[in-house]
Amino acid sequence: MYYSAGTYESFARPEKPEGADRKSAYIIGTGLAGLSAAFYLVRDGQVKGERIHLLEKIDLAGGSCDGRRDITKGFYMRGGREMDNHFECMWDLFRDVPSIENPGLSVLDEYYRLNKHDPNYSLCRATVNCGQDAHTDKKFELDKASAMALSTLFITPEKDLEGKKISEILPDSFWDTNFWLYWQTMFAFQRWSSALEMKRYLCRYCHHIDGLPDFTALRFTKYNQYESMILPLVKYLESHGVKIEFGVDVRNVVIKEDHGRRVANRIDYVRDGHMESIDLMEDDLVFITNGSCTDTSCYGDQNTAPDLSNVVPGQGEAWDLWRNIAAQATCGEYGNPDAFCSDPEATNWMSATVETSDEEIIQKIISVCKRDPREGKVTTGGIVTVKDSTRNWYLSWTINRQPQFKAQDKNTVLVWLYALSTNKPGNYVKKGMRYCTGEEICEEWLYHIGVPTDKIKEYATKRCNTTTCYMPYVNAFFQPRHESDRPKVVPDGAVNFAFLGQFAETPRDTIFTTEYSIRTGMEAVYTLMNVDRGVPEVWGSKYDVRELLRACYYAVDKKTVDELPLTIVERILVKKLLKKVRGTDIEILLKNSGLI
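Residues numbered from 1 in each chain as written. Predicted model: local features only at pLDDT ≥ 70, side-chain atom pairs only at ≥ 80, totals over all residues. Heavy atoms only, no water.

Focus: the sheet that holds strand E19 (residues 497-500)
Read across the open sheet, the five strands follow the order E8-E3-E2-E12-E19; overall the sheet is parallel. In this open sheet, the two edge strands, each paired with only one partner strand, are strand E8 (243-246) and E19. Each adjacent strand pair in this sheet contributes to an overall mean axis angle of 20°, direction not counted. Pairing of strand E12 (residues 284-289) with E19 involves four bridges; the strand directions are parallel. Paired with Val286 across the bridge in E19 is Phe497. (Pairing = 2+ DSSP bridges. Helix = DSSP H or I, 4+ residues; strand = E, 2+ residues; numbered from the N terminus. Axes fitted to C-alpha atoms, helices over the stretch in contact; angles between N-to-C directions.)

Digging into the packing of aromatic side chains
Applying the stated criterion across every chain, the model contains 42 aromatic pairs. Pairing Tyr76 with Tyr299 gives two aromatic rings, centres 5.4 Å apart and planes at 90°, and the pair type is edge-to-face. Note that Tyr76 is positioned in strand E5 (residues 74-76) and Tyr299 in strand E13 (residues 298-300), a separation of 223 residues in sequence. Note on Tyr76: relative accessible area 5%, which makes it buried. Accessibility expressed as a relative area gives 31% for Tyr299, which makes it partly exposed. Aromatic side chains Trp319 and Phe503 sit 5.1 Å apart centroid to centroid with 75° between the ring planes, which places their arrangement in the edge-to-face category. One end of the pair, Trp319, is in helix H8 (residues 317-326); the other, Phe503, is in the loop between E19 and helix H14 (514-529), and 184 residues separate them in sequence. A residue is classified by how much of its surface remains accessible, and Trp319, at 0% relative accessible area, is buried. Judged by its relative accessible area of 1%, Phe503 falls in the buried class. Across from the ring centre of Tyr76, 4.6 Å away, lies the NZ or CZ of Arg68, which sits over that ring. For the cation-ring pair, Arg371 lies above Tyr121, with the distance from its terminal atom to the ring centre recorded as 4.3 Å. (Phe/Tyr/Trp six-rings, centres within 6.5 Å; stacked < 30°, edge-to-face > 60°. Buried < 20%, exposed > 50% of the residue type's maximum accessible area, 1.4 Å probe, protein only. Lys NZ or Arg CZ within 6 Å of the ring centre and 35° of its normal.)

Comments concerning the pairing of strand E18 (residues 464-471)
Most of E18 is tucked away, with seven of its eight residues classed as buried. Of the pairings in the sheet, the one linking E13 to E18 comprises three bridges and is antiparallel in character. The partner of Gly300 across the bridge, within E18, is Thr468. Relative to E18, strand E14 (residues 349-356) runs antiparallel, the two sharing eight bridges. Along E18, the bridge assignment pairs Val354 with Thr466.

Quick look at the packing of helix H5 (residues 178-187) against helix H6 (residues 195-204)
With their axes 13 Å apart at the nearest point, H5 and H6 run at an angle of 100° to one another. By the angle between their directions, the pair H5 and H6 is classed as roughly perpendicular. From H5, Phe179, Trp183 and Phe187 reach across to H6, where they touch Met198, Tyr201 and Leu202. (Parallel < 35°, antiparallel > 145°, perpendicular 65-115°, else oblique. Contact = heavy atoms within 4.5 Å.)

Remarks on H8
Listing the buried residues of H8 in full gives Ala318, Trp319, Leu321, Trp322, Ile325 and Ala326. An end-on view of H8 places all buried positions within 160° of arc, on one side of the element. (Arc of directions from axis to C-beta.)

Overview of the environment of Trp322
Secondary-structure assignment places Trp322 in helix H8. A relative accessible area of 0% places Trp322 in the buried class. Trp322 sits 70 residues away from Asn252 along the chain, and the two C-alpha atoms are 7.8 Å apart. With sequence-adjacent residues up to four places away left out, Trp322 is seen in contact with Asn290, Gly291, Tyr334, Gly335, Asn336, Pro337, Phe340, Asp485, Pro487 and Phe503.

Some thoughts on the packing of helix H15 (residues 545-555) against helix H17 (residues 585-593)
For the pair H15 and H17, the least separation of the axes is 8 Å and the interaxial angle reads 45°. The angle between H15 and H17 places the two elements in the oblique class. For the element pair H15 and H17, the recorded crossing hand is right-handed. Counted together, Val545, Arg546, Leu549, Arg550 and Tyr553 of H15 and Leu589, Leu590 and Ser593 of H17 form the full contact between these two elements. (Left-handed = near helix turned anticlockwise from the far one by under 90°.)

Thoughts on the pairing of strand E10 (residues 261-271)
Two faces belong to every sheet, and in a regular strand the side chains alternate between them. Sheet topology places strand E9 (residues 249-258) next to E10; nine bridges connect them, and they run antiparallel. When the sheet's bridge partners are listed, Val250 is paired in E10 with Tyr269. Hairpin connection of E9 to E10: two residues between the antiparallel strands, including His259 at a positive phi of 55°. The pairing of E10 with strand E11 (residues 274-279) spans six bridges and is antiparallel. By the bridge assignment for E11, Arg266 is matched with Asp279. Between the end of E10 and the start of E11, which pair antiparallel, lie two residues, with Asp272 showing a positive phi angle near 55°.

A look at the sheet that holds E11
Read across the open sheet, the three strands follow the order E9-E10-E11; overall the sheet is antiparallel. Here the strands that pair on one side only, and so sit at the sheet edges, are E9 and E11. Neighbouring strand axes in the sheet, compared pairwise and without regard to direction, differ in orientation by 25° on average.

Some details on a positive patch on the surface
A grouping of Lys575, Lys579, Lys580 and Arg582 is seen on the molecular surface, where their side chains present a positively charged patch. With respect to the secondary-structure elements, Arg582 resides in the loop between helix H16 (568-581) and H17. (Patch = residues over 30% accessible without salt bridge, like charges linked within 9 Å, V, L, I, M, F, W, Y side chains within 5 Å. Areas by Shrake-Rupley, 256 points an atom, 1.4 Å probe, with all protein chains shown as cover. Salt bridge = Lys/Arg side-chain N within 4 Å of Asp/Glu carboxyl O. Lys, Arg positive; Asp, Glu negative; His and termini not counted. Charge placed at Lys NZ, Arg CZ, Asp CG, Glu CD.)

Some details on the pattern of salt bridges
With the rule as written, the count across this model stands at 53 salt bridges. Here Arg22 and Asp283 are joined by a salt bridge, their closest N and O atoms 3.3 Å apart. Of this pair, Arg22 sits in the loop between strand E1 (3-4) and strand E2 (24-28) while Asp283 sits in the loop between E11 and E12, placing them 261 residues apart in sequence. The partner of Asp210 in a salt bridge is Arg550, with the nearest N and O atoms 2.7 Å apart. Taken together, the positions of Asp210 in the loop between H6 and helix H7 (225-239) and Arg550 in helix H15 put the pair 340 residues apart, joining distant regions of the chain.

So this is what it looks like as structure tokens:
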């Protein structure tokens, strides 16, 4: 497997790999990574669909990319997905997956046209004082110490950041900046999150820094992630004969090592309460989704708080499977799940979905986001963060294009909210979010959008329906780590198996994205099948001097060099530098960026 850039290989169709007709594949997990592996086996590996088996414990594909309606409780959306125009592997896949709604178009065509005609942007990024605009005004407000620390983090080698927290790298003044407010709530970082992962994000998305404050950098699907992404992909696979076997709870993959060659030779699983096995040969490929950010999700509804009694640090079906596999390694080649799942207090957050058709509530929404959600277009344009809840729940909320579900009543609006702190009392509801019913969580949100306090109880009880989900491991992949804690997509010496998803390691890309899941699926198939076509490299904005200069300009709130708070010595040095580059392409680049 190798990486490529440009359009030459992205448009090419590879030859049929040698031995493709002999191959069978067993894919553990039907999240986006597992489904992507199946797609690349079919399209580029040219393996017959009937020889590809997706093994899934529950009765629905999609993994963490879910979205469903419980007819007795309401709509559930555990989370949402923000997409980027440089998700190269994702668009390579979806250009060949047919749209369900629009015959003759691909999912990419559909998505591209939607976001061209209805581009994403926010008109209110944060609120204070019960729904008033916090006027962050697209400013980052980075002080000099914070700006220098971010610059240093950007160029620090990953090896020097292993095991370190953000709080060990950035100064105390950083936590009060708008940059951190935007960053933390958009990506769900915490002060104790991995400095290594934050560096990757800085490098990966430096070309989008100007779109961070108002979300112009983002694109969204028409419906929820399940109906817009997972369902079309599943239908594509089924049309090629791929089988999804539900009710299969994989407990272990037995791997044997002989003189450096590692071969998976058995899959152990439980079905209908009985332990069974699949014996494997070297031509049988195994793709393992190791770990899950939504493992042990705990659900609540309008009148019930989530039951947290089953949350035990380090335990969960996905973690147990990974731990059984990791125990077989001689030198830690299969990663270390305990680095991610041992502390749910550090890795949890909680979300809720509010359904309402009440005109008075919708008018409150409109007063905040300046758009009517019933028009079917971009509404909030991304999350609205409640700035005065940062020391409480740290609540944010969003309304994507409505309807979010095809089964949704056209008169209703679905609001998704999430909080980064689940054990602190709210501003209005004086207890931790994790202990609240849906009704109580709705009360907190209604308070923050400006509903009069004497009406909050009635509105939350009679005019809204709220479902909830507490996820103990949703931020697990942001835990400080070492490179060896995540196994390589294809470990050294692996003959017929690979790892997939957010806890497999591929260089330069960022976890907690659809692109990462799809990339690991593509890399796994291309490596094991020896597909003669390049995997698109991660977009190289961090190597593009134009993007770097532009990022500097926006990071300092669009100030020129002359306007920066420099010392006398620094000003003298800058003046000498500008004199040296006068009349060169460097001067043109500096002018184009806005810095001079």
